[in-house]
Amino acid sequence: MLNLKIERQPAPVWLRTLIPVAAALATFVLTSVLLVLARADPLQAYYHFLISPLSSQVSALEVLVKSTPLMLTGAAAAFAFSTGYYNIGGEGQLYAGAVAGAWLGIVLKGVSPAIGIPLMILGGFIAGMLWALLPALLKVRLNVDEVVTTLLLNSVILFIVSFLLNGVWRDPVSQWPQSPEITMGTVFFKLVPRSRLHLGFIIALMVLAVMWFILNHSALGLRMRAVGQGKEAARFAGIDVNRTTLIAALVSGGIAGLAGVGEVAGIHFHLIDSISDGLGYSGVIVATLGGLNPVGVGLSALFIGLIQTGAQSVSRAMNVPVYLGQIVQATLLLVTLALLFLQNYRVSRRR
Amino acid sequence: MDAFLVGLIAATLRVATPLIYGTLGELFCERSGVLNLGIEGTLFLGAFTGFAAAYLSGSLWIGMLAAILAGALSGWLMSLLAVRLGVNQHVSGLGITLLWTGFSLFGFRLIFGEPKINPTVQAFQPLSPFGDTPMLGPIFNQHILTYAALAIVPLVWWIMYRTKFGLNFRAVGENPEAADAAGLNVYAIRTQALMIGGALMGIGGAFLSLAQLGSFTFGIVAGRGWVCIALIIFADWQAGRVLWGALLFGGVAALQLRLQTLGLKLPYELFLALPYLVTILALVVAGRNVSAPAYLLKAYRRE
C-alpha cells in the first residue's frame, strides 16, 4: 500500500511557469477523445486549431478581432474580481453598451467621426456602468449577493433587446429583428484595410494598460487589492470598503460596455440579439486564466481568440462541429483551476 | 373565463415543473455549502442526453435514466473542483455550464448532423386521473413528471428535516468544522449532495426535451438555470417555498403566453422580465440573506 501524505507547500517557481503549458497539454489530451469520436485525427485537428489560424495574415488578424471583446470582458471581470466583487454581469453590461451604441448610431446622423467616435466610446462606457449600478448599490447598501443580481440582469437586458428589435428598431422593409445601420460618423475605423480589425482593439489594449497602472501604481488600486484580500482587514486599515467596491463594480461595468459598443461600431454596424453570445461569460474565463492581472488577461484573451478562430478552421477542414472550441475553452479553464490549486501542495511518501 | 383560468393553471404547472426539479437540485447543493452555477449547463446536458438516449434506444425511460446519470456525473465533476480541490465556486460553476453547453451542442451535431427538420421522439403522454371532470380534468392533464415534481417537494422536505441523511447535508453547510469534529466526512457528504442535486437537474432538463417538446433545440433551457438560482433565494432555502416560488414564476410566464394568444398587444418581454425583477425585489426586501447556509461559497480544508 502506498503511504502518501499531502502537505501544503508551494511549488518552486520553475514549476509554476509550466502551469499554462501543462494545462494546455492536459486539455488537448482530454478533448482528443471527442476528436476521435468525431473520426478526426487529433494531431491534424490541433494543427488546424492552433497553427493554421496563424499561418495566413487574414486569419491571424481574425484572431485579434475575436480577442478584442474578450480582452474587454476579461478586463471587466478581472477589475471587479480583484476587489472581491464577483461581477458575473459582463454579458448584460456588454449588451447595455451595444444598445447605447446602436442608439447613438441612429440619433447622431450626419455627425463627423471626430465627434461621433468619442461619443460612442463614452456612451458605451456609461451604459455599461448604469447596468452595473443596481447590483453594486444593492451590494454595498443591503449586502445583497452580487452574483445573483448580475446574473438576473443578464436575462433582463436580453428581453429589453428583444423588445427593441421586435418593436421600434425592427427593420421596416425586411422585418428582420435588427436595428437600423449606424451612421457613418459613428463607425469605428479599420486598423488594417480589408480586414475586420477595428479601433476597438486599440481601445482594448489601452484599457488593459490603464488597468495595469491603476492596479499597480495608484492609491485606488492599493485599496482595491486590500479590499479583495479581506474586507475586515481593509476596513480596519481605514479604507472605505463600500466606496472602493462601488467604484470597482461601476468601472468593471463600463469596460464591459465598451466591448458591446465595439461589436456594434466595429463589426456588425447594427444591433442583433446574438451580438454577444456568451462573450461576457467568456470574460470570466479570460480573467481567471490570466490570473486577474492585465498582462495575463491580454495573453489569455489572445489565446481564447485563437481557439475560437481555430474551432472554425477545424470545422471547415475536418467537419468537426465548431462547438469543440467551447469545450476546449471550458476544459482549459477547469484544468487550470485544478492545477493552480495543486501547485500549493506536494505529495510525498510518508516515512 | 373558466376556460381561461383552467388553461392558465394547467400551463402554470407545466412551466413550473422543470423549475421545481432544478431548484430542488440546487437546494441540495447549496444546503451542503456549494453554490452550483453549473445548473444552467446541467439542465442543458440533461435535455440533450435524455433526448439522444431516448432517440437512439427508442425508450423514453432509458432517456430519462441517461439524463439522471449525466446530471449526477455533472454534480460529481463540480464536487471534484469545488469540494475536493476547493477552487472558486463561481468560476468552476460557470466553467461547468460552458463545458456542458458546448458538449451537448457538439454531441447533437455529431449524432444528428445539421438536419433541416429537427428530429423528434414521441413525447411522454399526459395522464388525466380525473378524466372529463370539469375543472379538475383539464387542469390535471399533465405529464407524469409534473405529478412526480409535486410529490418530490414534500419528499425533499422530509429528507432534509426528518432524516439523518438530511441533517448531515445541513450540518456540513452550516458548520463543516463542527460536522467534521462530530465524525462526519464533509467531502463525501458534499459530494453526495452535489450528485443528488445534479441528478434532479438532469430530470428537469429531460422534462423539457422528453415531455414538453419531444425534441432538442439549442434554446431549450434559455436561462431557466439562472431562474432556479434566484428561486432558491426567493424560497429562503426552504423546500416547501420552492414550490410556491416555481408556481409564481410559472404563473407569470403562463399568463404572458395566454395574453399573447388572446391577441393582446402587450410588450410580452415585460412579462417575461417581470419574474426576474420580482426576484431582485425579493432580495432587497429580504435584505441581508440571513437564512443562507453559513458556509455557502466557503471551501472546507481539513488541516
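What you are looking at is a predicted structure, and each value in this text was computed from that prediction instead of being measured.

Comments concerning the overall build of chain A
Line of reasoning, step 1. Counting secondary structure elements, chain A contains 14 helices and 2 strands.
Line of reasoning, step 2. For 351 residues, the compact-globule estimate of 2.2 N^0.38 gives 20 Å, and the C-alpha radius of gyration of chain A, at 22 Å, lies within 12% of that figure.
Line of reasoning, step 3. Projected onto its principal axes, the C-alpha positions of chain A cover 80 × 60 × 35 Å.
Line of reasoning, step 4. Expressed as a percentage of its 351 residues, the buried residues of chain A come to 51%.

Regarding the overall build of chain B
Line of reasoning, step 1. Along the backbone of chain B there are 12 helices and 0 strands.
Line of reasoning, step 2. What you see in chain B, going N to C, is helices and strands ordered as α-α-α-α-α-α-α-α-α-α-α-α.
Line of reasoning, step 3. The C-alpha atoms of chain B give a radius of gyration of 19 Å, which matches the 19 Å a tight globule of 303 residues would have.
Line of reasoning, step 4. Taken along the three principal axes of its C-alpha coordinates, chain B extends 60 × 45 × 35 Å.
Line of reasoning, step 5. In chain B, which comprises 303 residues, the proportion classed as buried is 52%.

Observations regarding the environment of B:L270
Line of reasoning, step 1. Structurally, B:L270 can be placed in helix α12 (residues 268–286).
Line of reasoning, step 2. With 14 residues separating them in the primary sequence, B:L270 and B:Q256 have C-alpha atoms 9.1 Å apart.

Some remarks on the nonpolar core
Line of reasoning, step 1. Grouped together as the largest cluster of nonpolar side chains are 206 residues, with contacts concentrated most on A:L72, A:A75, B:A47, B:L210 and B:L231.
Line of reasoning, step 2. Here this core takes 15 residues from helix α9 (residues 186–213) of chain B, the largest share from any one element.
Line of reasoning, step 3. The residue makeup of this core includes at least three contributed by each of domain 1 (1–32 + 332–351) and domain 2 (69–289) of chain A.
Line of reasoning, step 4. Apart from the residues lying within four places of it in its own chain, the contact partners of B:A47 are B:G205, B:A206, B:L208, B:S209, B:F216, B:I220 and B:V221.

Side note on unusual backbone geometry
Residues and elements named next belong to chain A.
Line of reasoning, step 1. Backbone geometry at R194 places phi at a positive 55°, although glycine is not the residue there.
Line of reasoning, step 2. Relative to the helices and strands, R194 is located in the loop between α7 (146–166) and α8 (199–217).
Line of reasoning, step 3. A positive phi angle, close to 65°, is found at L292, a residue other than glycine.
Line of reasoning, step 4. Along the polypeptide, L292 turns up in the loop between α12 (279–289) and α13 (294–318).

Some points on the interface of chain A and chain B
Line of reasoning, step 1. At the interface, 38 residues of chain A touch 36 residues of chain B.
Line of reasoning, step 2. For the side of chain A that touches chain B, the secondary structure elements donating two or more residues are α2 (19–37), α6 (113–142), α7, α12 and α14 (324–342) of chain A.

Quick notes on the domain arrangement of chain A
Line of reasoning, step 1. Splitting chain A by domain gives domain 1 (1–32 + 332–351) and domain 2 (69–289).
Line of reasoning, step 2. A C-alpha centroid distance of 34 Å is found between domain 1 of chain A and domain 2 of chain A.

Focus on the packing of α12(A) against α14(A)
Residues and elements named next belong to chain A.
Line of reasoning, step 1. The contact between α12 and α14 brings their axes to 10 Å, and the two run at 40°. Between α12 and α14 lies a crossing whose hand is left-handed. Here S282, I285, T288 and L289 of α12 lie close against α14, whose contacting residues are Q329, L333 and T336.
Line of reasoning, step 2. The residue makeup of the contact of α12 with α14, split by class, is 3 nonpolar, 4 polar and no charged.

Brief notes about helix α5 (residues 90–107) of chain A
Line of reasoning, step 1. Between its terminal C-alpha atoms α5(A) stretches 26 Å, which fits the 26 Å expected from 18 residues at 1.5 Å a residue.
Line of reasoning, step 2. Across the 18 residues that make up α5(A), a large majority, 15, are buried.

As for the environment of A:A76
All names here are of chain A.
Line of reasoning, step 1. The residue A76 is located in helix α4 (residues 57–82) in this model.
Line of reasoning, step 2. The spatial distance from the C-alpha of A76 to the C-alpha of G116 is 24 Å, given a sequence separation of 40 residues.
Line of reasoning, step 3. Apart from the residues within four sequence positions on either side, A76 is in contact with N87, G90, S252, I255, A256 and G283.

Side note on helix α4 (residues 89–112) of chain B
Residue and element names in this part refer to chain B.
Line of reasoning, step 1. Spanning 24 residues, α4 covers 34 Å between terminal C-alpha atoms, matching the ideal 34 Å at 1.5 Å per step.
Line of reasoning, step 2. In terms of burial, α4 is largely enclosed, as 19 of its 24 residues are buried.
Line of reasoning, step 3. G113 lies just past α4 and shows a positive phi near 65°.

Considering the packing of helix α9 (residues 219–229) of chain A against helix α11 (residues 241–268) of chain A
The packing of two helices is summarised by the inter-axis angle and the distance between the axes.
Residue and element names in this part refer to chain A.
Line of reasoning, step 1. One can describe the packing of α9 onto α11 by two numbers: an axis separation of 10 Å at closest approach and a directional angle of 105°. When the axis of α9 is compared with that of α11, the two are roughly perpendicular. Taking contact as the criterion, the partners of L220, R223, M224 and V227 in α9 are, on α11, V241, T244, T245, I247 and A248.
Line of reasoning, step 2. Of the residues contributing to the contact of α9 with α11, the split by class is 6 nonpolar, 2 polar and 1 charged.

As for the confidence of the model for chain B
Interpretation of the predicted coordinates at a detailed level should be avoided for regions scoring low in pLDDT.
Line of reasoning, step 1. This prediction gives chain B a mean pLDDT of 89; 97% of its residues lie at or above 70.
Line of reasoning, step 2. Here the complex is predicted with pTM 0.91, and the ipTM for its interfaces comes to 0.90.

Let's talk about the environment of B:F169
Residue and element names in this part refer to chain B.
Line of reasoning, step 1. Looking at the element boundaries, F169 is found in helix α7 (residues 164–174).
Line of reasoning, step 2. C-alpha of F169 to C-alpha of Q192: the two residues are 23 residues apart in sequence and 8.8 Å apart in space.
Line of reasoning, step 3. With residues near it in sequence (within four places) discarded, F169 still touches F28, R31, S32, M160, I189 and A193.

Procedures and definitions
Residues numbered from 1 in each chain as written. Chains lettered and ligands numbered in written order. Predicted model: local features only at pLDDT ≥ 70, side-chain atom pairs only at ≥ 80, totals over all residues. Helix = DSSP H or I, 4+ residues; strand = E, 2+ residues; numbered from the N terminus. Rg over C-alpha atoms; globule rule 2.2 N^0.38 Å. Buried ≥ 20, exposed ≤ 12 C-beta atoms within 10 Å, placed from the backbone. Core = buried A, V, L, I, M, F, W, Y, C linked by C-beta atoms within 7 Å. Domains from an automatic or database assignment. Contact = placed C-beta atoms within 7 Å. Axes fitted to C-alpha atoms, helices over the stretch in contact; angles between N-to-C directions. Left-handed = near helix turned anticlockwise from the far one by under 90°. Nonpolar A, V, L, I, M, F, W, Y, C, P; charged D, E, K, R; others polar. Expected span 1.5 Å × (residues − 1). Parallel < 35°, antiparallel > 145°, perpendicular 65-115°, else oblique. pLDDT = per-residue confidence, 0-100.

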